[in-house]
Amino acid sequence: MIQKRLNNASRSFSQMKMLKQAIAQGYVLRAFPDKPSHHKQRYYLSEKGLKLVK
């Protein structure tokens, strides 16, 4: 499991760490890029992220 490889017991911390890395590397985009804590925030795969899925 990824969480164990990161040596972290908190699932939410592990998910947020991976999400932040994916955003920074351009694999994931935010629906509200200027407001990261927007109450209706959604995340989408970018073109770069979609290429990994195919």
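Residues numbered from 1 in each chain as written. Predicted model: local features only at pLDDT ≥ 70, side-chain atom pairs only at ≥ 80, totals over all residues. Heavy atoms only, no water.

Participant: Residue-level account of the overall build of the chain, with values.
Facilitator: On a plain count of helices and strands, the chain comes out with 3 helices and 2 strands. If you list the helices and strands of the chain from N to C, you get α-α-β-β-α. Counting every position in the chain, which comprises 54 residues, the buried fraction comes to 15%. Counted over contacts in the chain with a minimum sequence separation of 6, partners at least 24 positions apart contribute 5%. As presented, the chain carries roughly 4800 Å² of accessible surface, and 56% of it is formed by carbon and sulfur atoms. (Helix = DSSP H or I, 4+ residues; strand = E, 2+ residues; numbered from the N terminus. Buried < 20%, exposed > 50% of the residue type's maximum accessible area, 1.4 Å probe, protein only. Contact = heavy atoms within 4.5 Å. Areas by Shrake-Rupley, 256 points an atom, 1.4 Å probe, with all protein chains shown as cover.)

Participant: Can you lay out the packing of aromatic side chains for me, pointing to particular residues and giving the numbers?
Facilitator: In total, this model carries 0 aromatic pairs according to the counting rule given. Seen from the ring of Tyr27, Lys48 lies directly overhead, with NZ or CZ sitting 4.6 Å from the centre. (Phe/Tyr/Trp six-rings, centres within 6.5 Å; stacked < 30°, edge-to-face > 60°. Lys NZ or Arg CZ within 6 Å of the ring centre and 35° of its normal.)

Participant: Help me get a handle on a nonpolar patch on the surface, residues and values and all.
Facilitator: A contiguous nonpolar patch, built from Leu45, Leu50, Leu52 and Val53 and spanning about 380 Å² of accessible area, is present on the exposed surface. Here the nonpolar patch takes 3 residues from helix H3 (residues 47-53), the largest share from any one element. By the element assignment, Leu52 lies in helix H3. (Patch = residues over 30% accessible without salt bridge, like charges linked within 9 Å, V, L, I, M, F, W, Y side chains within 5 Å. Salt bridge = Lys/Arg side-chain N within 4 Å of Asp/Glu carboxyl O.)

Participant: Outline the confidence of the model for the chain, supporting the account with residue identities and numerical values.
Facilitator: Scored by pLDDT, the chain comes out at a mean of 85, with 83% of its residues at no less than 70. When mean pLDDT is taken per element in the chain, strand S1 (residues 28-30) scores highest with 95 and helix H1 (residues 2-5) scores lowest with 59. (pLDDT = per-residue confidence, 0-100.)

Participant: Break down the environment of Phe32 for me, citing the residues and quoting the values.
Facilitator: Relative to the helices and strands, Phe32 is located in the loop between S1 and strand S2 (43-45). For the pair Phe32 and Arg42, spaced 10 residues apart in sequence, the C-alpha to C-alpha distance is 7.6 Å. If we skip the residues at most four places from it in the chain, Phe32 touches His38, Lys40 and Gln41.

Participant: Quick one: what's the story with the side chain of Ser46, residue by residue and with numbers?
Facilitator: Relative to the assigned elements, Ser46 resides in the loop between S2 and H3. We classify Ser46 as buried; its relative accessible area is 8%. Polar side-chain contacts of Ser46 include one of 2.5 Å to the backbone oxygen of Gly26. In this view, Ser46 contacts Gly26, Tyr27, Val28 and Leu29; residues no more than four positions away in its chain are not counted. (Polar contact = N/O pair within 3.5 Å; in protein donor to acceptor, adjacent residues only side chain to side chain.)

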